[in-house]
Amino acid sequence: RICALYRETGNRLPTREELKGVSRKFSVDFAALFLADRLLQDEGNEKLNRAFAHYLDASTVVDADLSSYRILFVPGWDYAETGYFTGADFAKPRRLAAELGFENSLVEIPPTGGVEENAEFLATELARHRHSGKKIILAGASSAGPAIHLALGELLEEQEREHVKAWVNLGGILQGSPFIDRYQRWPRSWWLSLVAWFKGWDKQAIMSMGTSASRERFERLEVDSNILVINYLGVPLSGQVSRYSRDRYPLLRKLGPNDGLTLLTDAIAPNSLTIVALGSDHFFAEDPRIDEKTVALMKLVVAYLEEGSRMEMSGKNPAGYPLRTPGARACSP
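What comes next is a walk through the structure. (Residues numbered from 1 in each chain as written. Predicted model: local features only at pLDDT ≥ 70, side-chain atom pairs only at ≥ 80, totals over all residues. Heavy atoms only, no water.)

**Quick look at the overall build of the protein chain**
Inference 1: Check the secondary structure of the protein chain and you find 15 helices and six strands.
Inference 2: Radius of gyration (C-alpha) of the protein chain: 19 Å, near the 20 Å computed for a compact globule of 333 residues.
Inference 3: Dimensions of the protein chain, computed from the C-alpha atoms along their principal axes, are close to 60 × 55 × 35 Å.
Inference 4: As displayed, the protein chain has an accessible area near 15600 Å², and 51% of this comes from carbon and sulfur atoms.
Inference 5: Between the averaged position of the 40 positive side-chain charges in the protein chain and that of its 43 negative side-chain charges there is a distance of 6 Å. (Helix = DSSP H or I, 4+ residues; strand = E, 2+ residues; numbered from the N terminus. Rg over C-alpha atoms; globule rule 2.2 N^0.38 Å. Areas by Shrake-Rupley, 256 points an atom, 1.4 Å probe, with all protein chains shown as cover. Lys, Arg positive; Asp, Glu negative; His and termini not counted. Charge placed at Lys NZ, Arg CZ, Asp CG, Glu CD.)

**What to know about the packing of aromatic side chains**
Inference 1: Considering all chains together, one arrives at ten aromatic pairs under this definition.
Inference 2: Consider the rings of Phe52 and Tyr232, whose centres lie 6.1 Å apart with planes at 70 degrees: the pair is edge-to-face. Note that Phe52 is positioned in helix H4 (residues 43-55) and Tyr232 in strand E5 (residues 228-235), a separation of 180 residues in sequence. Summarising the burial analysis for this pair, Phe52 and Tyr232 share the class buried. (Phe/Tyr/Trp six-rings, centres within 6.5 Å; stacked < 30°, edge-to-face > 60°. Buried < 20%, exposed > 50% of the residue type's maximum accessible area, 1.4 Å probe, protein only.)

**Considerations on the pairing of strand E4 (residues 164-170)**
Two faces make up the sheet, and in a regular strand the side chains alternate between them.
Inference 1: Most of E4 sits inside the fold, with six of its seven residues counted as buried.
Inference 2: The pairing of E4 with E5 spans five bridges and is classified as parallel. Among the inter-strand pairings, Val168 is bridged to a residue of E5, identified as Ile230. (Pairing = 2+ DSSP bridges.)

**Looking at the pairing of strand E3 (residues 135-141)**
Inference 1: Burial analysis of E3 places six of its seven residues in the buried class, the great majority of the element.
Inference 2: Of the strand pairs in this sheet, strand E1 (residues 69-74) and E3 are connected by six bridges, and their pairing is parallel. The partner of Ile71 across the bridge, within E3, is Ile137.
Inference 3: Alignment of E3 against E4, held across six bridges, turns out to be parallel. Counterpart to Ala139 in the pairing with E4 is Val168.

**Considerations on the packing of helix H2 (residues 16-25) against helix H3 (residues 28-40)**
Inference 1: Between H2 and H3, the shortest axis-to-axis distance is 7 Å and the interhelical angle comes to 135 degrees. In terms of axis orientation, H2 runs oblique to H3. The hand of the H2/H3 crossing is right-handed. Contacts from Leu19, Val22 and Ser23 of H2 reach H3 at Val28, Phe30, Ala31, Phe34 and Leu35. (Axes fitted to C-alpha atoms, helices over the stretch in contact; angles between N-to-C directions. Parallel < 35°, antiparallel > 145°, perpendicular 65-115°, else oblique. Left-handed = near helix turned anticlockwise from the far one by under 90°. Contact = heavy atoms within 4.5 Å.)

**Looking at a nonpolar patch on the surface**
Inference 1: Taken together, the side chains of Trp186, Trp190, Trp191, Leu194, Trp197 and Phe198 present a nonpolar region at the surface, about 870 Å² in accessible area.
Inference 2: Secondary-structure assignment places Trp190 in helix H11 (residues 188-199).
Inference 3: A residue is classified by how much of its surface remains accessible, and Trp190, at 48% relative accessible area, is partly exposed. (Patch = residues over 30% accessible without salt bridge, like charges linked within 9 Å, V, L, I, M, F, W, Y side chains within 5 Å. Salt bridge = Lys/Arg side-chain N within 4 Å of Asp/Glu carboxyl O.)

**A closer look at helix H5 (residues 79-86)**
Inference 1: Every buried residue of H5 is accounted for by Tyr79, Gly83 and Thr86. End-on, the buried residues of H5 take up no more than an arc of 80 degrees, which puts them together on one face. For H5, the exposed residues lying more than 90 degrees away from the buried face are Glu81 and Tyr84.
Inference 2: Of the surrounding secondary structure, the elements contacted by the buried residues of H5 are strand E2 (103-106).
Inference 3: Just past H5, the residue Gly87 takes up positive phi, approximately 90 degrees. (Arc of directions from axis to C-beta.)

**With respect to the environment of Ala196**
Inference 1: Within the secondary structure, Ala196 sits in helix H11.
Inference 2: A relative accessible area of 3% places Ala196 in the buried class.
Inference 3: In this structure Ala196 touches Trp201 and Lys203, once residues within four positions along its chain are discounted.

**Quick word on the sheet that holds E4**
Inference 1: Here six strands make up an open sheet; going across it, the order is E2-E1-E3-E4-E5-E6 and the pairing parallel. A single partner strand is all that each edge strand has here, and the edge strands are E2 and strand E6 (273-278). If you compare each strand with its neighbour and ignore which way they point, the axes differ by 15 degrees on average.
Inference 2: Strands in contact with H3 are E5 and E6; relative to E6, the strand with the most contacts, it is inclined by about 140 degrees.
Inference 3: Here helix H7 (residues 115-128) sits on the sheet in contact with E1, E3 and E4, set at roughly 160 degrees to E3.

**Observations concerning the side chain of Ser142**
Inference 1: Structurally, Ser142 is set in the loop between E3 and helix H8 (144-155).
Inference 2: On the basis of relative accessible area, Ser142 is assigned to the buried category, the value being 15%.
Inference 3: A distance of 2.7 Å separates the side chain of Ser142 from the side chain of His282, its partner in a polar contact.
Inference 4: When neighbours within four sequence positions are excluded, Ser142 is seen to be in contact with Leu170, Gly171, Gly172, Ile173, Leu261 and His282. (Polar contact = N/O pair within 3.5 Å; in protein donor to acceptor, adjacent residues only side chain to side chain.)

Here you go:
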């Protein structure tokens, strides 16, 4: 049955509908591991994940001038109020970046803004950094993901984004959250309206992160191929969800493997490479090794950018940036 599944999907990543079917036929945990396996069969992803493991060794250094880079951290939903315990405010990663020698800053988007509002704010901020002389690395978590995608894919002109060298997509809900969809119909819509009124939130801002609006937006966007895009994808099994995902994960599992807020396939950017974070869910700060992994990820991104620059100067095309078709997984009787 497993061999038949691999033959059916061929040399490509399974779609969300296929993973939903795999979850029903096998289990949601099997579907999560199946996706992880298909991702890691990609040559570029396999190289990336090996390099990431290499940089987890704290003694590994990057041969680059880190001061020539600036990391712009784009925070997640409600970061001003709850970011200190969810990690959405990037407080600890910013300190770690500074210790490594990176210039960095927090892009103070509206804390509870919608995708379009946050994308406009980010586009203005990126334009402000255009003449800084720094190579920009964008790092965005959760709800920041679709805003970054929109800014890079539609709002910025080519000359306005030429200083953006990389986008690190940390569990971005690029194609929306089915959890939000649950509150579009009565009586849950009434409950959401009440909560939004009490919290001072814009209900339409929340709805901009539903799957309908998000998938339509995702389909029309295209990011410049010169920008290195790396996903950090949490792939939890059903017994590994954190305290913040415990209530949401069971609600979404009937739709297939998820991280507690979005379906796993919907957190993968187009033309990207992916680090598979087995055992983590949407809330990466719950990982006891998250600080080590944050440092390793920053080193890794710069190493890839430096490698790409050297290859460009030598007249070669940087290898490994676009997501290539996974190789076939051999099945034996």
